[in-house]
Each structure stands twice: as structure tokens, then as C-alpha cells.
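Structural characterization, general
Residue strings, one per chain:
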Amino acid sequence: RELGEVDKIANTYLTEQFSNKDNDLSQLRLPGMGKEIFFSDIQLCSDNSSSLMFGEDITFELTIQSRINMENLSFGVSIFNNTGSCVGSLTTDNTFLIKASEKLSMSLKMLNTNLAPGSYYTSFGLSQKNSHALFDAIVGKPNFQILPLSVDKLQSISNWQREWGNIYFRESELVIYK
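First things first, this report covers the structure right here in the doc.

Procedures and definitions
Residues numbered from 1 in each chain as written. Predicted model: local features only at pLDDT ≥ 70, side-chain atom pairs only at ≥ 80, totals over all residues. Heavy atoms only, no water. Helix = DSSP H or I, 4+ residues; strand = E, 2+ residues; numbered from the N terminus. Buried < 20%, exposed > 50% of the residue type's maximum accessible area, 1.4 Å probe, protein only. Areas by Shrake-Rupley, 256 points an atom, 1.4 Å probe, with all protein chains shown as cover. Pairing = 2+ DSSP bridges. Axes fitted to C-alpha atoms, helices over the stretch in contact; angles between N-to-C directions. Salt bridge = Lys/Arg side-chain N within 4 Å of Asp/Glu carboxyl O.

Scanning the chain for helices and strands turns up 1 helix and 9 strands. When the elements of the chain are put in sequence order from the N terminus, they spell out α-β-β-β-β-β-β-β-β-β. Buried positions account for 39% of the 178 residues belonging to the chain. Element-wise, carbon and sulfur atoms account for 49% of the exposed surface of the chain, whose accessible area totals about 11100 Å².

Structural data, given as C-alpha cells:
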């Protein structure tokens, strides 16, 4: 359906595959996950569909449901580039509890990610804090792209090359000795 550079075609394909408009995460859930406590919705908050400007904070809205009572819950998120390499992860410091038949909605804002222009997708995992046993794991939603347009009008990275990596180290200090 589309000809051109692999990155652009891959991004179109990923957008089609991972944009579950009916919010059905079942095809993105890892096998055996989501039986007792599960993500029922994960959305990227963006004014521009699935595109963010370079330097823009990344905000996700999440809905979690449960069939059991559970406390000390936490979740993590990893961001992957379009070749499948993980470029960064976080686990939330906050914990929460959920009761059987309850639905919790929450928002996660990732600050100062410095993701370079390119295409990315996420995975979310839900577990008890300090435990590696997952209750749920969703891979592939949402997917998004970082545009080479900066929220900081003074900062331009329109010439960013993919080979330079996925993180742009913005803050540095150069000391020149004479």
C-alpha cells in the first residue's frame, strides 16, 4: 500500500497495528497476563494525534481494572524504538490499591525524556512494588513519533540523524582550558 523509506513504512504499519481504536488491548497483552488485574485502556495524550514535538513531556492516561483486592501496586513503562531496542524505562515510585470490580484511572507524565526525532512504541507492566511477578503486560500501545520540531523555539534539531541515537543529551557543560 505504500512505497518509500523503511522507517516511514514501518511507522505506518505500526500505527495501523497498534492503534486499537476500540481500546481492546487483548491482542497486545502477553500470554497469561491480565487475568486478575489488568490495563483496560492506555492512551497517549497529545494535541497532534500520535505525534509529539521534541522536548514535549510525554503523558499517558491509563485505566486499570481488577477482579480481586490488591494493594502496593505499581507499574512500569519502557519505550522502544522502531527497531525493537529499548531506549529507556521507568517504574513508578507511587503505589496504589485497587478493590475487586473497581476501575482506576490515572495519568503518568514523563518529563525531560529528550527522545530524539523518530518512531517509538511502549510496553506497560503492572505488578506489586518490589516484585518481578507481573499481573499484566501490554506491548505496543501507544506508539508515537517525536517530530524534529522543538517546543523550545531556540532549539532546533531538524537535521537529527537516526545513527546518532534515540536520546539527545541537551544539558552539558564545556570547559575550555588555554
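Right, let's talk about unusual backbone geometry for a bit. Looking along the chain, the bond that leaves Lys141 and enters Pro142 is cis, with omega of -5°. Locating Pro142 in the fold gives a position in strand 9 (residues 134-150). At Ser101, a residue that is not glycine, the phi angle is positive and equals roughly 70°. Position of Ser101 among the secondary structure elements: in the loop between strand 6 (96-98) and strand 7 (103-110).

We now examine the pairing of strand 5 (residues 86-91). Across 5 bridges, strand 4 (residues 70-81) lies against strand 5 in antiparallel orientation. Across the sheet, Ser78 pairs through a bridge with Ser89, a residue of strand 5.

Turning our eyes to something else, we now look at the sheet that holds strand 3 (residues 58-66). What the 3 strands build is an open sheet, ordered 1-3-7; its pairing is antiparallel. Each edge of the open sheet is held by one strand with a lone partner, namely strand 1 (37-45) and strand 7. Ignoring strand direction, the axes of neighbouring strands in this sheet form an average angle of 20°.

Counted according to the given criterion, the structure contains 1 salt bridge. For the salt bridge of Arg29 with Asp136, the shortest nitrogen-to-oxygen distance reads 2.7 Å. A residue pair is termed long-range when its members are at least 10 positions apart, and Arg29 in the loop between helix 1 (6-18) and strand 1 and Asp136 in strand 9 qualify at 107 residues. Each member of the pair Arg29 and Asp136 is classed as buried.

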